[in-house]
Structure formats: structure tokens, C-alpha cells
Amino acid sequence: MKGLKLEHLLLEPLQQRSVTTEPEMNHAQLWAQSLSLAAGLQARGIQRLAVHLEDAGLLAIALLGAWRAGVSVLLPADLQPQTRQRWDDAVDAWLVEAADLDALYQAPLSAAALDLDTCQLSLCTSGSSGEPKRIDKTLRQLANEVQALEALWGADLKDACIIGSVATQHIYGLLFRVLWPLCAGRAFVRKQLAFPEDLQRASREHPQFAWVASPALLKRMGDNLDWPALSQVSRVFSSGGALPIEAAGSLYDRLQQWPTEILGSSETGGIAWRQGAQPWQPFADVALSQDADGALRIASPYLPEGHIEQTADAARIHCDGRFELLGRLDRIVKLEEKRISLPMLEQALMAHTWVAETRLGVVQENRASLGALVVLSADGLHALRNQGRRTVTQTLRQHLSQHCEALALPRRWRLLRQLPLNAQGKLPQADVAALLLAPRPKAPDVLEHVEANGEWTVQLSIPPDLAYFSGHFPVTPVLPGVVQVEWAFNLGQQLLDLPATFAGMEVLKFQQLVRPGDQVELHLRFDQERGKLYFAYRNGVAACSSGRIQLVNAHA
Amino acid sequence: MSDQHRLEHDIKALIIEALGLEDISVDDIGSEQTLFGEGLGLDSVDALELGLAIQKKYGIKIDADAKDTRNHFTNVASLAAFVTARQVA
């Protein structure tokens, strides 16, 4: 039997047992290096270790070595300066490249079983407040999960080489790409292969292979791939976010098998799995319940003993125990498998002096991305008027980039005069999404209009995000004269009984620029006898523009 | 405009269109400017999207068995050279 328990991986060296490809490492080498690393960690008195290694083989050595030495391991999500700063006080050392391990190797500690309850691993994810959240797990929780996976799919996978497109810093990649194959005796590819072409090249090198992939990759695999060859894949795992059913169906057409989707989280580990448009099947020993709002509550051997994890996922549980997901109950969204807290980004955006109010939402187009509705402050409006829209949006993106990954930076911006709150004082997420999808406005906001002695006075607010501003001009947006004439014509048609056809203009005067956010007064009077619409825009006491529009009846 | 300039111009327009970039015009993208990471600031999902869009628009296939195919995606000039080479092939 090739299966080893996670706690028994360092008991004895197994020369014949393969661990990684390119460069190859067998179990005896893994065993020796892990015990050498353990000795080095112990000699230096290191008790808490942060590990971020792109090479899954080195990661295996680091984890086993640390656990053998009784060292707790933290897997930070990335190596950004803020991340390193955040965890610096919580750890004694960082392992981020091969040289860091090389510096620690010493004459090895003796072989021994790992203690399931004292060995610790901590994962990092974004919590609902947006603050990175640390999740501590014991080796027992991880061992339970690895055992369940092997019981479910071990027979299918046989000797398949495990090829992954996801990072091993997160629970899914860590379990599926490293810990599970280690215990099952399957070889795995060291590098994360994020592109379909690389996945294909690695696959061709093995008679049997399985993929540990994500929706980001699986929904973007093109016709340039050798699908007949790839259809030899033993199993395609997908996790980290929802795989659209179209993408699953397209993989079925090409591979003659449904991808296996795993539902889980850093907190809970695996919850359930499914293939195609089936309800989710909970893993054995995972017990589900629901709170009053219908959100899933989870008890499982992959959680600390006795702990019930409350999720924000609404669900409908069928009588056979399988379930459907009905959406999130909070404002956490997932973009390409990354968990993003909208309130956290909104707070960060509000901290910029140019922003008075903001709401974020998801824009579903080719790829889902974030969009921002922004009400600019007086400073912000000043920047827009004097530096242009691009400077404003780029500056705000730059500001946000200190708080989130590039992926979460809003790609679409809508600058509003105010947030269109509903009668309850709320702006439902669906409305945010609709506003982000709508094209930029081409008409003014009409605040009020009154008539006296045949002359209309119309109070207009110039939308800060008017479509005409982008090209006219990029760094100093002004309202084009031709648009002012068009608005006068259109508003005249709405308010007065006018001949329908535009026949020319006279005595046009443009005296002062009209700019984003201005409030102006438009005066309209129709001279019936001459067939002329008189218009004048004023900003306070200053005349902006004026002129006469000649009108005729359509069939005159 | 030479053929190469026209192609580079078209690829820039394709990048803006396919990736839904706002407030960026063709003139804002340098042919030698790095597209991913620093530079234009595109991410790995953009790289996947752009790979599909280029193949579709120019009716070419990225040779999945060649090494380092992603090097063609360094900047607009290298993409243009790649498209030209594949169209001839």
C-alpha cells in the first residue's frame, strides 16, 4: 500500500517513492532534507516560521521540516511589503527562496512521527472586514481532509502526476497539489502553471495526469490546445470560485468528463463537491445546518473539534443532504477566486481627500471586475476640472493599490453628483451594478424649471462624468459649444411648443467655459414671429454663452 | 502608416477593447511598454483574456507545445511580431 498518513511521512526514507518532477525528488531525499531543515530550525531556536515558496517540492520540505522541529508555520498570501510588515512580529524567520532553506540544513534530526495536535499551520485570507485574517489549523485537521480526499478519488487517480495552476499558499492548492499527493505517493509538478499552454506541455510528459486548476484558467482554455491528448486527464479539479456551467460544459465536450468542483474555504476546508449542474454533495463527515437567515453552518473533521463555522452563504438543502448555493448574504465578492471585501475598499477609497462618498460593485463583462461609483469632494471636483478624468481615476487606483491586489482595483468609474439612494436611504447592490453598466450621461441634470412671461429658466447641473468630457479636453474638460446648443434645442422642444426642425444658428457667443459639476441657468424664449429660439446660459452673474436657433416646421 | 505601425495600433485598440480599459487611448500605450505587472498594470487574467482575443482576431493559434509562448506577450511590439510571424506561417 502506497498510502502514508500525514503524520508518518518522516518515519522512514522510501527511495522508490516519487515526490516531484523536474527536478525529480524521491521520498528518501524529501525525508533527509526535511530532517536536516528541522535540525537547522531547532539549532537556531526558530519556533514560528513564515513560508512563501513557489516550488511545491521545497514547500513540502519546509512544512515537514518545520513540523518535525515543532515549529508552527504561517503561509502568507503574498510577499507585498505590507504583508511582510504585518506578520514580521508574529514569526521568527521567513523562508521565501531556496537559499533560505540551504542556509538552514544541518546534520539531521532523527526520524519521528509528527504530532497531529501540536503541529500548526496558519493560512491567510481576507476577512469580512477586509483585514487579512489568520486561520490556525492543526495537522490533525489537514490529515483528516487528506484521508477523505484519497478515500473519495484515490482509486480513480491511481498514479496520475498532479499538475496545478493554483498557488500552494492557499488551502486548496496546499491540500491538492502538495499534502494529498505526498500522502498518496503521487508525483507532483513543482511549479504553478498558470497558462493553458504550460499545462499542456507538462501533461504531455506523463502517461497519467490530473489537474488542480481554477475557474480563471478553465474558462479560458482555447482551441489552440491539443484536446484529444488532454482528454487523457484522469480528473480536473476546480476550486476557489464558481465555475460557470458553460465553462464546465465546454470542458465536458472537449474532455468527455465533467470537471470536479470543490466548494470550500480557508476556514472550513472542503465542504462539498459536484460535477456539472448537480447539487453540491457534502464530503463524508461534514454536517450542515442553517441559521435563521438560511446561511450554511458547518461542522466537520477539518475544523477544530466542536467548532461550528458560520458562513455567509445562503443555501437550500435538499432532503438527500445535497444542497444548492443561493448567493452571499454579505458584501464579500469573489473575482477570479480572490475574496474581496467591498466595505474595506470603500473605506480605503473614502480616506482619499478627493472622495466624498463611494459605492463599489461588480461589473460582469468578459471578465468580472470592480466598478466604483464616486461622489467627488470639492477637492476632487477641482482635480477633475483642472487635471481631467484620467488623472482622477488613475490617482484613486494608485491610492487603492496600497490596500488591495491589482485584480481588485476598480476598472470602471462613474463620477456622480450624488448617490441615488432609494426611499429607505439605501443603494441596493443591483442598482450599483446597473449604474456601473449604464453608459456615461449625455444630458444635464435638470434641477428645476420655471416659466415667467413666456421665458423659461432652467436650473441645470453639469454631470461630472458627462460623456463629452473625455475627448474635450483630456486634461481640462469643458462642455463643448455644440452640446450647449443641442441641450437648448432639446430642452426647448420639451418645454415649449416649437417647430420640430433645426434650420440654423445666429449670433452665437461663447464667453465663459462650462465645466464638470457647474450649476448653470439656461434661459429659453421662443420668438413665434421670427421662428427663433433665444437661449442664454449663465453661471451666477457671468454669461457663459448665448445665441438664437432658427426653427421651421418639418414640412414647411 | 507602415504595416507594422498599423498592426501595433490595432493591437493596442484590441487590448483596450478586449480588456475594457477605461480612460486609456491607443496613444497612451507605448509599443515597448511592459503590459503586465508594472507598466500598463495588467494581471494574469488579462494575459489569459488577451491570448484568446489575439487568436480570435487574427485567426492564428498560439503553438501550445512551444516553450515560452508567453514571451510574445511582453509588449505590443513583441505581440505584433508574433502575429506577423504566425500569419506568414
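Residues numbered from 1 in each chain as written. Chains lettered and ligands numbered in written order. Predicted model: local features only at pLDDT ≥ 70, side-chain atom pairs only at ≥ 80, totals over all residues. Heavy atoms only, no water.

**Student:** Mind showing me how you'd approach the UniProt feature "domain: Carrier" (unreviewed entry) in chain B here?
**Tutor:** Per the UniProt record, the feature "domain: Carrier" (unreviewed entry) sits at residues 2–87 of chain B. A helix fraction of 51% and a strand fraction of 0% characterise residues 2–87 of chain B, whose end C-alpha atoms lie 17 Å from each other. (UniProt positions renumbered as here; feature names shortened; annotations may be inferred. Helix = DSSP H or I, 4+ residues; strand = E, 2+ residues; numbered from the N terminus.)

**Student:** In this structure, what is going on with the domain arrangement of chain A? I would like to understand it.
**Tutor:** In many reports, interface size means the accessible area that the parts give up when they come together. All names here are of chain A. Domain assignment breaks chain A into domain 1 (6–278), domain 2 (336–437) and domain 3 (445–552). Computed from C-alpha atoms alone, the centre-to-centre distance between domain 1 and domain 2 is 35 Å. Contacts between the two partners involve 18 residues from domain 1 and, on the opposite side, nine residues from domain 2. Around 920 Å² of area is buried between domain 1 and domain 2 when both sides are counted, 34% of it from carbon and sulfur atoms. Across the contact surface, domain 1 and domain 2 share three salt bridges. For arginine 220, the salt bridge is made with glutamate 336, and the minimal N-O distance between the two is 2.8 Å. Linking domain 1 to domain 2 there are five residue pairs in polar contact (both at pLDDT 80 or more). Breaking the side of domain 1 that touches domain 2 down by element, the ones donating at least two residues are strand S6 (120–126) and helix H8 (215–218). Partitioning the side of domain 1 that touches domain 2 into residue classes produces two nonpolar, 13 polar and three charged. (Domains from an automatic or database assignment. Contact = heavy atoms within 4.5 Å. Buried area = accessible area lost by both parts, 1.4 Å probe. Salt bridge = Lys/Arg side-chain N within 4 Å of Asp/Glu carboxyl O. Polar contact = N/O pair within 3.5 Å; in protein donor to acceptor, adjacent residues only side chain to side chain. Nonpolar A, V, L, I, M, F, W, Y, C, P; charged D, E, K, R; others polar.)

**Student:** Is there a simple way to explain the environment of Gly30(B) in this structure?
**Tutor:** Residue and element names in this part refer to chain B. Within the secondary structure, glycine 30 is located in the loop between helix H1 (3–19) and helix H2 (44–58). Of the residues examined, glycine 30 reaches a relative accessible area of 29% and is grouped as partly exposed. In sequence terms glycine 30 and leucine 48 are 18 residues apart; their C-alpha atoms lie 21 Å from each other. Sequence-distant contacts of glycine 30, defined by excluding residues within four places in its chain, comprise Lys12 and Val76. (Buried < 20%, exposed > 50% of the residue type's maximum accessible area, 1.4 Å probe, protein only.)

**Student:** Explain the pattern of salt bridges here, please?
**Tutor:** Side chains carrying opposite charge are able to pair once their charged atoms draw close together. Tallied over the full model, the rule gives 38 salt bridges over all chains. For Arg140(A), the salt bridge identified is with Asp117(A), shortest N-O distance 2.7 Å. On the criterion of sequence distance, the pair formed by Arg140(A) in helix H5 (residues 139–157) and Asp117(A) in the loop between helix H4 (98–102) and S6 is long-range, its members being 23 residues apart. Classification of Arg140(A) as partly exposed rests on a relative accessible area of 36%. Taking the relative accessible area as the measure of exposure, Asp117(A) reaches 42% and is therefore partly exposed. Residues Arg414(A) and Glu22(B) are paired through a salt bridge, measuring 3.0 Å at the closest nitrogen-oxygen approach. Taken together, the positions of Arg414(A) in strand S23 (residues 412–416) and Glu22(B) in the loop between H1 and H2 put the pair across two chains. By the burial criterion, Arg414(A) is buried, and Glu22(B) matches it. Linked by salt bridges that have partners in common, Arg389(A), Arg414(A), Arg440(A), Asp465(A), Glu22(B) and Asp23(B) make up one network.

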